[in-house]
Amino acid sequence: MVVYILNATLFALGLYCLIAKRHIIKKIIGMVIIEYSVNLFLILIGYRKGGIAPILEPGADITHFIKNSVDPLPQALVLTSIVIGLGTLALMAAFAIKLYDKYGTFDMSEIKRLKG
Amino acid sequence: MKKENIEKIVHDNNLGMSIIVKTIARMMIAPVLLFGFYIMIFGHLTPGGGFAGGVILAIAYTLMFMAFSKKMALAKFSGFWASMWDNLGMLAFIVIGFIGLNVGFFMFNFIAVGEPFKLVSAGIIPLENIAIGIKVGAALYAIFIGLSIYERILIQEED
Amino acid sequence: MLLFIVILLFMLVSAIIAIEIKNILSAVVAVGAVGFGVSLLFLFLRAPDIAITQVIVEVLSLIILIRATTRADNEAIERKIDNFANIIGLIFIGLFIAFCYWAFVDMTPFGIPLMRISQHYVSRGLAETGAANIVAAVILDYRAYDTLGEAIVIFTSILGAFVILRSKGKKYIEEKDTEIIGIPNEGEE
């Protein structure tokens with residue numbers, strides 16, 4: 001339970017950085033921290049105390065494996081989520097570069113004030 | 001580009017990073033590529049799989065891009081070929097799915113499931129791993145090219 | 001269990017450093033530290049596939065973030081301190097954590113997974129697909145549609161990034177695009 005609360009604190013820190021800072025790169029950093037926290041939460045749900053990783057080895061006992069393995073389904077979902085997060089980060093970095101080239105600053109309140 | 005032109009760019013002191021970085025990069029690119037292929041191909045036996053292998057391949061080419069200059073990396077693996085490998089990987093994945101459609105449902109495992117723990121086993125899973133690995137690797141290398149080749153032009157306001 | 005709490009506290013401290021520090025390059029390095037902490041935690045949570053993928057993606061995302069920020073000024077702009085927004089933000093975070101606590105009380109306790117569908121995957125994965133890695137069997141045989149969707153999402157995001165980076169402005173001054181790719185020294189350009 002304590003582990004879940006610490007994870008929610010990490011999510012809340014990322015959310016605070018996303019909405020309260022004015023530098024665009026800080027907003028991107030907040031988004032990245034939110035992604036880490038959500039992926040971690042999904043893997044934390046599927047953990048079994050004293051469990052085995054879901055990979056079979058030659059000569060392993062199948063019934064022992066079935067009773068003691070951790071959940072492989074959240075791991076499959078998180079695997080695609082991590083790589084999609086990288087694609088999203090590339091898109092956000094492209095936005096940041098173009099905004100700097102057009103307005104000359106990274107500050108969001110300046111960009112909101114200038115027109116065109 | 002011809003081989004002697006590439007050699008000229010590699011040994012040019014004005015392009016790329018210093019000579020220490022170039023020597024180490026020259027030694028390290030081949031083992032990193034080999035490691036990427038290993039993780040991609042053995043995806044059904046050891047942890048890893050298509051996504052991790054593909055990103056390692058992209059990292060190897062990014063190392064070449066950063067240590068030697070942009071001209072050399074684009075001569076070896078240009079933007080056109082990065083886009084083409086991306087499309088071919090995606091096409092291979094979909095074609096495997098459609099072949100399964102003819103036999104059973106979409107993405108049906110039509111190759112026989114062999115003996116476990118061998119390299120050639122598990123039906124279409126190694127083929128799909130390779131297709132996804134090539135696709136993800138080429139796409140991430142292409143985005144790194146895209147962040148570097150377009151000139152950073154500062155737009156001046158009309159006075 | 002103590003190990004998980006220690007690694008999570010390290011990640012929280014790194015995240016606070018990444019949020020509050022003024023130099024942007026240091027903030028990017030601190031986010032890299034959070035990412036490596038997450039990867040270490042994945043390894044101890046018995047998920048080696050995810051740990052490998054997280055380390056590799058962390059390295060590439062650090063490269064992309066540094067590439068996007070070193071051409072520009074490195075200082076975060078905090079000219080006036082907006083106390084009202086900070087206090088309201090902190091109050092909302094406190095409310096959020098309180099609601100999370102109420103929600104987590106009803107979940108299954110930590111360490112006992114509810115494996116309803118996964119029982120089928122784990123017990124019959126090797127016999128039906130022949131792959132020793134059950135996670136690879138799940139993403140490429142039982143749930144291959146999700147992998148197709150993920151490939152489409154990556155394709156679209158890369159395409160979008162190219163469309164954004166390509167357009168030129170009305171009247172431009174060409175900045176000298178150098179051949180030397182690297183991080184410029186202090187006091188240069």
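Residues numbered from 1 in each chain as written. Chains lettered and ligands numbered in written order. Predicted model: local features only at pLDDT ≥ 70, side-chain atom pairs only at ≥ 80, totals over all residues.

Thoughts on the overall build of chain C
Worth spelling out the cut-off: The numbering of helices and of strands both runs from the N terminus, where a helix is a DSSP run of H or I of at least 4 residues and a strand a run of E of at least 2. Labels follow a simple rule on C-beta atoms placed from the backbone: if 20 or more others lie within 10 Å of a residue's own, it is buried; if 12 or fewer, it is exposed; otherwise it is partly exposed.
Looking only at helices and strands, chain C has seven helices and one strand in total. Each helix and strand of chain C, ordered N terminal to C terminal, gives the series α-α-α-α-α-α-α-β. Within chain C, buried positions represent 34% of all 189 residues.

Observations regarding the domain arrangement of chain C
As a reminder of what qualifies: By convention here, the domain bounds are inherited from an automatic or database domain assignment.
Entries for chain C in the domain assignment read domain 1 (1-75) and domain 2 (115-167). Here the C-alpha centroids of domain 1 of chain C and domain 2 of chain C sit 25 Å apart.

Remarks on the interface of chain C and chain B
Stated formally: Contact between residues is assigned whenever the C-beta positions, reconstructed from backbone atoms, fall within 7 Å. Three residue categories are used. Nonpolar comprises Ala, Val, Leu, Ile, Met, Phe, Trp, Tyr, Cys and Pro, charged comprises Asp, Glu, Lys and Arg, and polar comprises the others, including Gly.
Residue-level contacts link 45 residues of chain C with 52 residues of chain B. Every element with two or more residues in the side of chain C that touches chain B is listed here: α3 (48-69), α5 (118-129), α6 (134-142), α7 (144-166) and β1 (172-173) of chain C. Sorting elements by how many residues they give to the side of chain C that touches chain B places α3 of chain C first, with 12 residues. Residue composition of the side of chain C that touches chain B, grouped by class: 27 nonpolar, seven polar and 11 charged.

Structural notes on the interface of chain A and chain C
Taken together, the 66 residues of chain A in the interface contact 73 residues of chain C. Within the residue set of the side of chain A that touches chain C, elements represented by two or more residues are α1 (2-20), α2 (24-45) and α4 (72-103) of chain A. At 23 residues, α4 of chain A tops the list of elements feeding residues into the side of chain A that touches chain C. Class assignment of the residues belonging to the side of chain A that touches chain C gives a composition of 50 nonpolar, nine polar and seven charged.

Some details on the nonpolar core
We apply this condition: Buried Ala, Val, Leu, Ile, Met, Phe, Trp, Tyr and Cys residues whose C-beta atoms connect them within 7 Å together make up a nonpolar core.
Core analysis: the biggest nonpolar cluster contains 118 residues, and Ile33 and Ala93 of chain A together with Val55 of chain B have the highest contact counts within it. In terms of residues, this core owes the most to one element, α4 of chain A, which gives 15 residues. Three or more residues apiece are contributed to this core by two domains, here domain 1 (1-75) and domain 2 (115-167) of chain C. Those residues in contact with Val55 of chain B that sit more than four places away from it in its chain are Val136, Gly137 and Leu140 of chain B together with Ile56, Val57 and Leu60 of chain C.

Some remarks on the packing of α1 of chain A against helix α1 (residues 2-20) of chain C
So the rule is basically this: Axes, fitted as lines to C-alpha atoms, cover a helix only where it is in contact. Angles between the N-to-C directions of the axes lie from 0 to 180 degrees. For classification, angles of less than 35 degrees are called roughly parallel, those exceeding 145 degrees roughly antiparallel, those between 65 and 115 degrees roughly perpendicular, and all remaining angles oblique.
At a closest axis distance of 10 Å, the pairing of α1 of chain A and α1 of chain C adopts a crossing angle of 10°. With respect to α1 of chain C, the element α1 of chain A is oriented roughly parallel. Together, Val2, Val3, Leu6, Thr9, Leu10, Leu13 and Cys17 of chain A of α1 of chain A and Phe4, Ile5, Leu8, Met11, Leu12, Ala15, Ile16 and Ile19 of chain C of α1 of chain C make up the contact between the two elements. Looking at the contact of α1 of chain A with α1 of chain C residue by residue, the class counts come to 14 nonpolar, one polar and no charged.

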